[in-house]
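# Summary of the model geometry
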Amino acid sequence: RAAAREGRGVAVTAVTGMDTSSAAGLGGADPQLQRFIEVETQKQRFQQLVHQMTELCWEKCMDKPGPKLDSRAETCFVNCVERFIDTSQFILNRLEQTQKSKSAFSESLSD
Amino acid sequence: MESGFSSDFGSDFSSGGGGAGGKLDPGLIMEQVKVQIAVANAQELLQRMTDKCFRKCIGKPGGSLDNSEQKCIAMCMDRYMDSWNTVSRAYNSRLQRERANM
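What you see is a predicted model; the values in this text were computed from it and never measured. (Residues numbered from 1 in each chain as written. Chains lettered and ligands numbered in written order. Predicted model: local features only at pLDDT ≥ 70, side-chain atom pairs only at ≥ 80, totals over all residues. Heavy atoms only, no water.)

## Quick notes on the overall build of chain B
This is how the line gets drawn: The secondary structure listing takes helices from DSSP runs of H or I that are at least 4 residues long and strands from runs of E that are at least 2 residues long, numbered from the N terminus. In this scheme, a residue with accessible area under 20% of its type's maximum is buried, one over 50% is exposed, and one in between is partly exposed, where area comes from a 1.4 Å probe on protein chains only. The protein chains shown are the only cover counted for residues, whose accessible areas, like all others here, come from Shrake-Rupley with a 1.4 Å probe.
Counting secondary structure elements, chain B contains three helices and zero strands. Along chain B, helices (α) and strands (β) appear in the sequence α-α-α when read from the amino end. Residue burial in chain B is summarised as follows: out of 102 residues, 32% are buried. Counting only carbon and sulfur atoms, one obtains 57% of the accessible surface of chain B, whose full area is about 6200 Å².

## Some remarks on the pattern of salt bridges
Using the following cut-off: By definition here, a salt bridge exists when the distance from a side-chain nitrogen of Lys or Arg to a carboxyl oxygen of Asp or Glu is within 4 Å.
Evaluated as defined, the whole model comprises 15 salt bridges over all chains. In this structure, the salt-bridge partner of Arg97(B) is Glu82(A), at a minimum N-O distance of 2.8 Å. Taken as a pair, Arg97(B) in helix α3 (residues 67-101) and Glu82(A) in helix α4 (residues 71-100) lie in two separate chains rather than in one. Accessibility expressed as a relative area gives 41% for Arg97(B), which makes it partly exposed.

## Some details on the packing of aromatic side chains
What counts here: Centre distance within 6.5 Å is the pairing criterion for rings of Phe, Tyr and Trp, where only the six-membered ring of Trp is used; planes under 30 degrees apart are then read as stacked, over 60 as edge-to-face, and the remainder as tilted.
This structure, assessed with the given rule, holds two aromatic pairs over all chains. On the basis of an interplanar angle of 15° and a centroid distance of 4.8 Å, the ring pair of Phe46(A) and Tyr91(B) is categorised as stacked. Separated into two different chains, Phe46(A) in helix α3 (residues 31-61) and Tyr91(B) in helix α3 make up a pair that spans both. Seen in terms of ring centroids, Trp58(A) and Tyr80(B) are 5.2 Å apart; in terms of plane orientation they differ by 55°. Their pairing is tilted. In this pair, Trp58(A) is assigned in helix α3 and Tyr80(B) in helix α3, connecting two distinct chains.

## Observations regarding the UniProt feature "domain: Tim10-like" (unreviewed entry) in chain A
So the rule is basically this: UniProt positions are given in the numbering used here, feature names are shortened, and annotations may be inferred rather than shown by experiment.
Within the UniProt annotation, "domain: Tim10-like" (unreviewed entry) is assigned to residues 36-97 of chain A. Helix makes up 85% of residues 36-97 of chain A and strand 0%. Its end C-alpha atoms lie 36 Å apart.

## Overview of the packing of α4(A) against α3(B)
Our working definition: A fitted line through C-alpha atoms serves as each axis, taken over the contacting stretch for helices, and the angle formed by two N-to-C directions is quoted from 0 to 180°. Every angle not falling under 35 degrees, over 145, or within 65 to 115 is termed oblique; those three ranges are roughly parallel, roughly antiparallel and roughly perpendicular. For a crossing to be left-handed, the near helix must be turned anticlockwise from the far one by less than a right angle; the clockwise case is right-handed. Two residues form a contact once any of their heavy atoms are found within 4.5 Å.
Two numbers describe how α4(A) lies on α3(B): the axes approach to 9 Å, and their chain directions differ by 45°. Relative to α3(B), α4(A) is oriented oblique. The element α4(A) and its partner α3(B) pack so that their crossing is right-handed. Facing α4(A), whose interface residues are Glu74(A), Phe77(A), Val78(A), Val81(A), Glu82(A), Ile85(A), Asp86(A) and Gln89(A), α3(B) presents Ser83(B), Thr86(B), Val87(B), Arg89(B), Ala90(B), Tyr91(B), Arg94(B), Arg97(B) and Glu98(B).

## Regarding the interface of chain B and chain A
Here is the rule we go by: Buried area adds together the accessible area that both of two parts lose upon being put together, with accessible area traced by a 1.4 Å probe. Whenever a nitrogen or oxygen atom comes within 3.5 Å of another N or O atom, the pair is scored as a polar contact, on the condition that within protein one atom can donate a hydrogen and the other can accept it, and that pairs from neighbouring residues in sequence are kept only if both atoms are in side chains.
On the chain A side, the residues contacting the 38 residues of chain B number 42 residues. Here chain B packs against chain A, burying approximately 3900 Å² in sum over the two surfaces, 64% of which is carbon and sulfur. Across the contact surface, chain B and chain A share six salt bridges. The residue Arg94(B) makes a salt bridge to Glu82(A) at a minimum N-O spacing of 2.6 Å. Counting every contact that joins chain B to chain A gives 15 residue pairs in polar contact (both at pLDDT 80 or more). Elements with a minimum of two residues in the side of chain B that touches chain A: α1 (2-17), α2 (26-57) and α3 of chain B.

## Details of the environment of Cys53(B)
Residues and elements named next belong to chain B. Note on placement: Cys 53 falls in helix α2. The class for Cys 53 is buried, based on a relative accessible area of 3%. Remark: the alpha-carbon pair of Cys 53 and Cys 76, spanning 23 residues in sequence, is separated by 5.8 Å. The contact partners of Cys 53, leaving out residues within four places of it in the chain, are Ile 58, Cys 76 and Met 77.

## What to know about the state of the cysteines
Residue and element names in this part refer to chain B. Filter applied, for reference: Cysteine sulfur atoms are paired as a disulfide whenever they come within 2.5 Å of each other.
By the definition in use, this model includes four disulfides over all chains. The disulfide partner of Cys 53 is Cys 76, and the gap between their sulfur atoms is 2.0 Å. Handedness here is read from the sign of the S-S torsion; for Cys 53 and Cys 76, about -90°, the answer is left-handed. Pair noted here: Cys 53 is in helix α2 and Cys 76 is in helix α3, with a separation of 23 residues, a long-range link. Across this residue pair, the class does not change: Cys 53 and Cys 76 are buried. Covalently, Cys 57 is tied to Cys 72 through a disulfide, its sulfur atoms 2.0 Å apart. Handedness here is read from the sign of the S-S torsion; for Cys 57 and Cys 72, about -75°, the answer is left-handed.

What follows is the structure, encoded as structure tokens:
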């Protein structure tokens, strides 16, 4: 598992060379290339999340693979994606809140 | 698998990167990077699909893949692709909705 994750990170980094924030450094030489890197990095982030969610939602929504994806499973996948994004947003929002309040983050973790 | 990918990536890049007089053509590089990205995504998909379908279809590993196991794997592959496409569409819709709300 860890090796696979590392492989993915390497694949993305190797292919895109860097993340968007440092793309400006390379792009300085060629704005067309910089734009290309930004676009491809964005696309790749999308792809990676689709891979990740498909894997997660497969565990939750698929029992026995049948001759087609039935409507119940399809609905489950759609819900799964929505709830995953909701979860991600919830975590970011709450993190922001707990860091804003005067108690330290580690204190609120022990709640 | 990782080493196979990195060697493909390395050789393709070095063979096409230089043109006449060693001048780098950005268009060519962009096309090659796009290809490498597509390859990486296909490998990613295959790796996860193999993992999931092995878990679903293979019980106690026997001396070979019997007919029912092979049928299961074939169906599993198609269902995994269906799932991937469903997730991709759902995620895309969600992103568009988020953008519209901004």
